[in-house]
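Overview (structure and organization)
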Amino acid sequence: MKQWPFPISIRVNMAKRQEVAVSQLDYKLLHALSCVIKEQSFERAADVLCLSQSAVSQRIKQLEQQFAQPVLIRSQPIQATDLGKQLLKHYYQVVQLEADLLPCAMPHSPQIPLTLHIASNADTLATWLIPAIAPVVKSHLVEVNLLIDGEEHTINRLKDGQAFGAISLQSTAIKGCQLTRLGNVDYLLVASPAFSRHYFSDGISAKSLKKAPGIAFDHKDNMHTRYIQQHFGLSQGEYPLHTVRSSEAFVTMAKHGAAYCLVPKTQIISELASGELVHICKQHIITETLYWHHWILLKGVYKAVSDAIIAHAQSVLD
């Protein structure tokens, strides 16, 4: 006869405690938290949830009272606290599992779009990410939410539970996730021929760079400044630098002779071939290795998207 490790009375009490613990997570409250973070507004979250703004605020307040600490930092942008991030990560994983289960368990029930949150850098979005996920998106009822950040910061979206996967430079897996190497990306310093003749007629140097405008993505994007510091000894502020939050606009500005910039070689193959852009510093090329980080337990469309990203990236990157 099987012997249980605890007396019946203790086992009953343990079961009751587990039941109470499970009941403490009210998923309509977590859904409200998710909507506020996604919409960056209590008012817009209320529209999505078909509730009043005060009802949304009350749901967030209930969460905070339940755990006796804040789940949101009411700032601009609205951010989740450490507890809020843990709750969101759990909620998104439950949504994934539910989305995978319901079509099988209830095949005749109406389906609603499943939102896939993917963190990516702008250069990847401008080059190979859309062709990678398009076949899966076309064959499933999904909405894609692309969270764009610098290559060194996308991993934070995964840590915070905002995304189920992230394209990142980080070469080590984070807790609860795994990674796959995608490949190398070469970044070239390029400009239009006219720009190069105007600013670099005597060659590219610290002196000439002090007058030539470059481009950075935003204040968190330090690839350009690292490059100039490492190879020409100039610190940020010693030369003109545009801020443009679009990889496509980088190329457009360079083609129009408004700036020089660092861009992925894969993004400007045709421009290099046609001569619209020229490589102005061939002795110095930046090579970055990209990795795909994602939740360990992936099923259904999540796994399909993850597999598609890996397969396509490894076919187009070095």
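Anyway, here's the lowdown on the structure attached to this text.

1. As for the pairing of strand S6 (residues 177–191)
Pairing of S6 with strand S11 (residues 286–295) involves ten bridges; the strand directions are antiparallel. When the bridges of S11 are listed, Leu179 appears paired with His293. Where S6 lies against strand S9 (residues 261–264), four bridges are found, and the strand directions are antiparallel. Note that in S9 the partner of Tyr187 across the bridge is Pro264. Two elements, S6 and strand S10 (residues 278–279), share two bridges in a ladder whose sense is antiparallel. Residue pairing in the sheet places Val190 in a bridge with His279 of S10.

2. As for helix H12 (residues 247–255)
Among the residues of H12, Ser247, Phe250, Val251 and Ala254 are the ones counted as buried. All buried residues of H12 fall inside an arc of 90° around its axis, so they share one side. If you follow the buried residues of H12, they end up packed against helix H6 (122–127), S6, strand S7 (214–216), S9 and helix H13 (269–274). Just downstream of H12, Gly257 is the residue with a positive phi angle, here 75°.

3. Considering the pairing of strand S3 (residues 114–120)
The two faces of the sheet receive side chains in turn, since in a regular strand these alternate between them. Burial analysis of S3 places seven of its seven residues in the buried class, the great majority of the element. A two-sided burial pattern is seen for S3, the buried positions comprising Leu114, Leu116, Ile118 and Ser120 on one face and Thr115, His117 and Ala119 on the other. Note that S3 and strand S4 (residues 142–148) share seven bridges and pair parallel. Residue pairing in the sheet places Ala119 in a bridge with Leu147 of S4. Summarising the sheet, S3 and strand S5 (residues 165–168) pair through two bridges and their orientation is parallel. The residue of S5 that forms the bridge with Ile118 is Gly165.

4. Notes on the nonpolar core
Side chains that are nonpolar tend, in soluble globular proteins, to be buried together. Membership of the largest hydrophobic core comes to 76 residues, with the highest contact counts inside it found for Leu33, Leu72, Trp128, Phe164, Leu182, Tyr260 and Val305. When residues no more than four places from it in sequence are discounted, the contact partners of Phe164 are Leu116, His117, Ile118, Leu158, Trp292, His293, His294, Trp295, Leu298, Tyr302 and Val305. Counting residues in each nonpolar core, the second largest holds 14 residues, with Ile215, Val244, Val251 and Leu277 among its members.

5. Quick word on the layout of surface pockets
In this structure, the second largest pocket spans a volume of roughly 480 Å³. Surrounding the second largest pocket, 20 residues form its lining, Ile37, Gln40, Ile78, Arg157 and Gln162 being those nearest its centre. Listing elements by their share of the lining of the second largest pocket, those giving two or more residues are helix H2 (27–39), strand S2 (79–80), helix H5 (82–105), S4 and helix H8 (154–159). With three residues, the single largest contributor to the lining of the second largest pocket is H5.

6. Remarks on empty space enclosed by the protein
Counted by the stated rule, this structure contains two cavities of 30 Å³ or more. Counted as a void, the largest cavity has a volume near 260 Å³. If you go around the largest cavity, you meet 23 residues; those closest to its centre are Asp123, Glu151, Phe217, Asp221 and Met223. Listed by contribution, the elements that provide at least two residues to the lining of the largest cavity are H6, helix H11 (223–232) and H12. Counting residues per element, the lining of the largest cavity draws most heavily on H11, at three residues. Of the residues belonging to the lining of the largest cavity, the class tally is eight nonpolar, six polar and nine charged. Taken as a whole, the second largest cavity spans an internal volume of roughly 40 Å³. Lining the second largest cavity, in full, are Asn121, Asp123, Thr124, Thr127, Trp128, Val185, Tyr187, Pro264, Thr266, Leu290 and Leu317. For the lining of the second largest cavity, the element with the highest residue contribution is H6, accounting for three residues.

Conventions and cut-offs
Every chain is numbered independently, its residues counted from 1 as its sequence is written. Selection of residues for local features in this predicted model requires a pLDDT of at least 70, selection of side-chain atom pairs for listing and counting requires 80 or more, and totals for whole chains, interfaces and linings are taken over all residues. Remark: hydrogens and water are excluded; side-chain values derive from all non-hydrogen atoms of the structure. DSSP calls a pair of strands paired once it identifies at least 2 bridges connecting them. The way it works is that DSSP assigns letters per residue, a run of H or I at least four long becomes a helix, a run of E at least two long becomes a strand, and they are numbered from the N terminus. Exposure categories follow from relative accessible area, calculated using a 1.4 Å probe and restricted to protein chains: below 20% of the type maximum is buried, above 50% is exposed, and the middle band is partly exposed. In this description, the arc belongs to the directions extending from the helix axis to the C-beta atoms. Any two residues whose heavy atoms approach within 4.5 Å at even a single point are treated as in contact. Think of a nonpolar core as a cluster: buried Ala, Val, Leu, Ile, Met, Phe, Trp, Tyr and Cys residues, connected wherever their side-chain atoms sit within 4.5 Å. Cavities and pockets are defined on a 1 Å grid built over the protein atoms alone: a cavity is a set of grid points where a 1.4 Å probe fits but cannot escape, while a pocket is an open set with protein on both sides within 12 Å along at least five of seven lines, and lining residues are those with an atom within 4 Å of any such point. Grid points are joined across faces, edges and corners, and a volume is the space filled by probe spheres set on the points. All amino acids are sorted into three groups, where Ala, Val, Leu, Ile, Met, Phe, Trp, Tyr, Cys and Pro are nonpolar, Asp, Glu, Lys and Arg are charged, and the leftover types, Gly among them, are polar.

Don't take any of this as a statement about function, it's just geometry.
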